[in-house]
Amino acid sequence: MVQDKGITQGIGYTLIIIPKEGIPATSIAPAMGMSSSSLVRLLKSMENQDLIYRKSNQNDRRVTKIFLTAKGVELRKEIKKM
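A brief structural summary. No experiment lies behind these values; they were computed from the predicted model shown. (Residues numbered from 1 in each chain as written. Predicted model: local features only at pLDDT ≥ 70, side-chain atom pairs only at ≥ 80, totals over all residues. Heavy atoms only, no water.)

1. Side note on the environment of Ser 37
Its location among the elements puts Ser 37 in helix H3 (residues 36-48). Ser 37 sits 19 residues away from Ile 18 along the chain, and the two C-alpha atoms are 19 Å apart. Within the structure, Ser 37 has its side chain in polar contact with the side chain of Ser 35 (distance 3.2 Å). (Helix = DSSP H or I, 4+ residues; strand = E, 2+ residues; numbered from the N terminus. Polar contact = N/O pair within 3.5 Å; in protein donor to acceptor, adjacent residues only side chain to side chain.)

Put into structure tokens, the structure is as follows:
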């Protein structure tokens, strides 16, 4: 279970849906069926745990993509095995 890794199911699911090429932050909430305010808290928690980082699009600064850190990628591999 993801709880054995010290994370919530929301964090575990988010780790799984973030592709290598990143995902716009605005695409995550609808995919998870959650409000944008809940997503903001979730992403901030994941950043604090060094699981994700944010990067602004160079062509459109309004678009921010979410990427997994090396730690996030490793944790995703463990979660997928479960």
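2. Brief notes about the packing of aromatic side chains
Counted under the stated rule, the structure contains 1 aromatic pair. Ring centres of Tyr 53 and Phe 67 lie 5.4 Å apart, and the angle between their planes is 15°; this geometry places the pair in the stacked category. In this pair, Tyr 53 is assigned in strand E2 (residues 52-56) and Phe 67 in strand E3 (residues 64-68), connecting sequence segments 14 residues apart. (Phe/Tyr/Trp six-rings, centres within 6.5 Å; stacked < 30°, edge-to-face > 60°.)

3. Points about the nonpolar core
Soluble globular proteins: nonpolar side chains tend toward being buried together. Among the nonpolar cores identified, the biggest contains 19 residues, and Ile 11, Leu 15, Ile 28, Leu 43, Met 46, Ile 52 and Ile 66 are the most heavily contacted of them. Listing elements by their share of this core, those giving two or more residues are helix H1 (9-17), helix H2 (25-32), H3, E3 and helix H4 (70-81). With sequence-adjacent residues up to four places away left out, Ile 28 is seen in contact with Thr 14, Ile 17, Ile 23, Leu 39, Leu 43 and Ile 66. (Core = buried A, V, L, I, M, F, W, Y, C linked by side-chain atoms within 4.5 Å. Buried < 20%, exposed > 50% of the residue type's maximum accessible area, 1.4 Å probe, protein only. Contact = heavy atoms within 4.5 Å.)

4. Remarks on the pattern of salt bridges
For the coordinates displayed, the defined rule picks out 3 salt bridges. Put simply, Arg 54 and Glu 47 hold a salt bridge, and the shortest N to O gap is 3.0 Å. Taking the relative accessible area as the measure of exposure, Arg 54 reaches 36% and is therefore partly exposed. Residue Glu 47 is classed as partly exposed on the basis of its relative accessible area of 29%. In this structure, Glu 74 and Lys 77 form a salt bridge, with 3.4 Å as the shortest nitrogen-oxygen distance. You can see Glu 74 and its partner Lys 77 sitting in helix H4, 3 residues apart, about one turn around the helix. (Salt bridge = Lys/Arg side-chain N within 4 Å of Asp/Glu carboxyl O.)

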